[in-house]
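What follows is the residue order along each chain.
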Amino acid sequence: MSNSDRGGSPVSFSCPSPVPKGEVIVLGHGSGGRLTAELVSRVFLPAFSNPLLDRLNDSAEVKVGASRVLFTTDAFVVNPLRYPGGDIGSLAVNGTVNDLAVAGGQPIGLSAAFILEEGFPIAELEAIAQSMRTAADRAGVAVIAADTKVVEHGKADGLFITTSGIGVVAGSIELGPERIQVGDAVLVSGPIGDHGIAVMSAREGLAFQTTIVSDSAPLNGLVSLMLESGGALRCMRDPTRGGVATVINEVAKGSGVEIVIEETLVPVRSGVRAACEILGLDSLYVACEGRLVAIVDAADTAKVLAAMRRHPLGRDSCRIGTVTGSGAPRVLLRTAFGTTRPLDVLAGMQLPRIC
Amino acid sequence: MKFVDEFRDAGAARTLIEQIHKTITRSWTIMEVCGGQTHTIVHYGLDELLPSEVTLVHGPGCPVCVTPIEMIDLAIALAKRPGITLCSFGDMLRVPGSTCDLFDARAVGADVRVVYSPLDALDLARREPLREVVFFAVGFETTAPTTAAAVRQAARLKLPNFSVIAAHVRVPPAIEAIVSSGDNLVQGFLAAGHVCTVMGIDEYRPLVEKYKVPIIVTGFEPVDLLQGVAMCVTQLEQGRAEVENQYVRSVKNEGNITARDLMAEVFTLVDRRWRGLDTLPKSAMALSDRYAAYDAIGRFGLTQTPVDEPVECRAGEVLRGLLKPPQCPAFGSSCTPDHPLGAPMVSAEGACAAYFRAGRVAAAAMEAK
């Protein structure tokens with residue numbers, strides 16, 4: 001930039017937009033990254049603040065008599081509604097089941113609310129409802145409450161679904177980032193990024209073909225085997241929107257630890273790698289809907305991995321990193337070249353509306 | 001993955017780094033021209049593996065970064081007119097104009113759409129004949145051929161509702177502007193391999209002869225870049241200044257003749273103001289007289305009002321290799337990918353965004369102390 005450019009007249013404020021910058025919702029607010037966190041801190045935490053919500057966990061745990069009850073909710077706006085390996089219906093069931101599962105809970109019931117756009121084909125809705133039923137049966141849970149609203153044509157993108165779920169936690173299970181200790185191992189239950197790439201491959205305008213299918217699946221069976229293994233599980237997360245990098249950052253922040261991820265150990269299918277190359281994405285930020293990240297006592301790594309690998313959804317489980325220090329929370333990635341760089345939460349967005 | 005894995009091989013990288021260590025005897029400043037190369041360097045931390053004598057500075061080769069503010073303002077103004085659908089690449093939609101970007105315009109009702117190719121915009125125009133579809137065509141010689149193909153196709157189809165804002169630019173005038181400026185620090189260039197895949201390498205020979213700087217046509221993977229640096233350091237140490245082609249698996253001397261012919265037919269070279277580099281002669285591609293009917297600027301009677309950059313944003317110095325992103329006071333504080341002040345913080349190819357995404361904010365804070 002020349003001196004005349006930099007020292008010239010002040011910037012003209014003749015923006016045609018009537019709304020000041022940062023004062024309207026943009027797609028990045030739904031990315032699961034920094035902007036989402038900013039929105040939650042600015043709008044929702046001040047409005048709703050309470051000890052259960054403020055922990056910002058996947059599920060909130062409440063005591064009902066002697067029982068430990070989990071409650072969670074999630075909205076689904078995936079585009080397109082169907083993609084290789086799933087659809088918005090199975091996604092809405094699995095997403096909520098998994099938020100309960102990674103908190104150590106077994107689901108006992110789901111609710112589903114449907115926002116339908118005028119003109120949406122009923123046959124398609126039937127197929128999606130059937131897909132929800134199949135997914136719920138697979139997870140061993142039922143949809144026990146539901147609601148329907150219809151909006152005018154053009155006021156919604158076909159169909160939006162919100163599911164909520166309640167679950168129960170066995171008395172002895174204690175999970176949470178505060179339990180993490182230096183030296184713990186970081187495990188992942190299988191190859192990452194399959195769901196995000198499957199959805200993108202089906203999206204209009206992205207004409208690439210892939211054999212990748214979504215990993216969308218209920219994790220409660222896998223979690224049961226992990227809990228039964230007797231290994232010291234500290235904390236689990238399902239790396240949905242924002243991917244593995246985002247949940248590991250959440251865990252680091254929640255526990256005040258430094259975590260080092262080994263890039264060469266992170267399992268990524270070749271089809272996902274290729275698609276990420278073409279689209280300019282980093283697979284560590286691409287959504288999974290049937291994977292979990294677990295932090296375990298390093299001494300129990302073999303025991304927990306053996307249990308995970310006994311389950312079909314955990315066959316390719318492996319260790320990807322280590323909790324290396326305490327104090328300043330941060331996540332580092334060690335590359336194949338031996339260099340290390342911070343692995344931060346997603347800034348901006350990769351592509352809109354992955355899930 | 002073939003053609004990728006072998007160029008990310010840690011062993012091959014180590015060999016090249018050792019070779020550079022053996023060759024180098026003094027300090028050299030080398031600019032990688034293309035933002036894709038910058039991204040690879042920062043992503044893999046390649047600069048940390050090189051001897052301290054090598055300083056890599058990041059060039060202007062981020063297409064959205066050099067698009068002048070006034071063209072973005074013009075696109076925003078056009079997008080807000082009724083009946084207009086404005087299409088562009090995703091990155092372009094987030095580049096700030098005077099005070100807002102195209103996504104902001106969309107948030108308040110403009111019909112702005114992300115496309116992955118100008119041919120997608122052409123299809124949109126065919127499917128929605130009642131809307132005027134305008135493609136905001138940005139990019140270097142790599143994306144210009146697809147815009148040319150879309151314009152020629154529109155003419156063949158006699159499609160009345162398709163037009164483009166042609167904002168394509170060329171690499172050689174930018175290299176010449178950098179190397180000929182009084183404050184230039186760059187002693188050798190890694191030229192952008194994909195631009196040369198289209199254009200070939202001959203247009204770089206006059207620059208090498210006139211300014212006595214080595215230019216290495218270089219690819220985008222870690223091993224490509226390290227090999228490019230090794231070739232450049234070897235030339236510098238030997239006092240040579242030649243055009244060399246590291247990216248032989250993609251670049252032929254003559255380039256892609258079909259693409260070049262298409263560009264020659266559809267575009268004409270014009271002077272253009274660049275963000276950070278002032279007005280550069282014959283640095284941009286406008287539609288030729290034969291295709292003038294598809295020029296959105298003429299069709300909609302748009303006028304460009306030159307706009308100054310925000311003073312706080314020092315993107316111009318970053319784009320000329322005079323400043324590294326963390327040296328900008330706004331970097332990581334008032335300027336982040338979520339709230340960018342300038343284009344290099346927006347695009348995946350922008351140097352500031354590459355540094356930010358690679359987590360070099362904390363490192364910058366430590367340097368500042």
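Our structure's up above, just so we're on the same page.
These numbers were taken from a predicted model, which means no experiment stands behind them.

### Considerations on the overall build of chain B
When its secondary structure is counted, chain B shows 17 helices and 11 strands. Projected onto its principal axes, the C-alpha positions of chain B cover 65 × 50 × 45 Å. Looking at chain B as a whole, 56% of its 369 residues are labelled buried. Counting contacts in chain B only where the partners sit at least 6 residues apart, residues at least 24 apart contribute 78% of the total.

### With respect to the sheet that holds strand β2 (residues 67-76) of chain A
What holds strands together in a sheet is hydrogen bonding between their backbones, with the strands either parallel or antiparallel. Residue and element names in this part refer to chain A. An order of β1-β2-β7-β5-β6 is seen for the five strands of this open sheet, with the pairing classed as mixed. The open sheet has two edge strands with one neighbour each: β1 (60-64) and β6 (143-151). Direction aside, neighbouring strands of the sheet carry axes that sit 20 degrees apart on average. When β1 meets β2, the two strands line up antiparallel, connected through five bridges. Paired with Glu61 across the bridge in β2 is Leu70. Along the sheet face, helix α4 (residues 88-101) touches β2, β5 (105-117) and β7 (159-169) and points at about 30 degrees away from the line of β7.

### Let's talk about the nonpolar core
Residues and elements named next belong to chain B. By size, the foremost hydrophobic cluster in this structure holds 127 residues, and its most contacted members are Ala75, Phe136, Ile165 and Ala191. The dominant element in this core, judged by the number of residues it contributes, is helix α12 (residues 222-238), at nine residues. Not counting chain neighbours up to four residues away, the residues in contact with Phe136 comprise Ala75, Leu86, Cys87, Ser88, Met92, Ile165 and Ala167.

### A look at the sheet that holds strand β9 (residues 233-237) of chain A
Residue and element names in this part refer to chain A. Here seven strands make up an open sheet; going across it, the order is β9-β11-β8-β12-β10-β13-β14 and the pairing mixed. At either margin of the open sheet sits one strand with a lone partner, and together these are β9 and β14 (340-342). Shown here is a sheet whose adjacent strand axes are inclined to one another by a mean of 25 degrees, direction ignored. Here four bridges tie β9 to strand β11 (residues 293-296), and the two strands are oriented antiparallel to one another. Note on β11: the bridge partner recorded for Leu233 is Val296. On top of the sheet, helix α8 (residues 243-255) reaches β8 (185-188), β9, β10 (257-262), β11 and β13 (330-334); it is set at about 155 degrees to β10, its chief contact.

### What about the packing of helix α8 (residues 144-157) of chain B against helix α13 (residues 257-266) of chain B?
Residues and elements named next belong to chain B. In contact at an axis separation of 9 Å, α8 and α13 are set at 60 degrees when each is read in the N-to-C sense. Here α13 runs oblique to α8, going by the angle between their axes. In terms of crossing hand, the pair formed by α8 and α13 is left-handed. Only Ala259, Leu262, Met263 and Val266 of α13 make contact with α8, whose side of the interface consists of Ala144, Pro145, Ala148, Ala149, Val151 and Arg152.

The rules behind the values
- Residues numbered from 1 in each chain as written.
- Chains lettered and ligands numbered in written order.
- Predicted model: local features only at pLDDT ≥ 70, side-chain atom pairs only at ≥ 80, totals over all residues.
- Helix = DSSP H or I, 4+ residues; strand = E, 2+ residues; numbered from the N terminus.
- Buried ≥ 20, exposed ≤ 12 C-beta atoms within 10 Å, placed from the backbone.
- Contact = placed C-beta atoms within 7 Å.
- Pairing = 2+ DSSP bridges.
- Axes fitted to C-alpha atoms, helices over the stretch in contact; angles between N-to-C directions.
- Core = buried A, V, L, I, M, F, W, Y, C linked by C-beta atoms within 7 Å.
- Parallel < 35°, antiparallel > 145°, perpendicular 65-115°, else oblique.
- Left-handed = near helix turned anticlockwise from the far one by under 90°.

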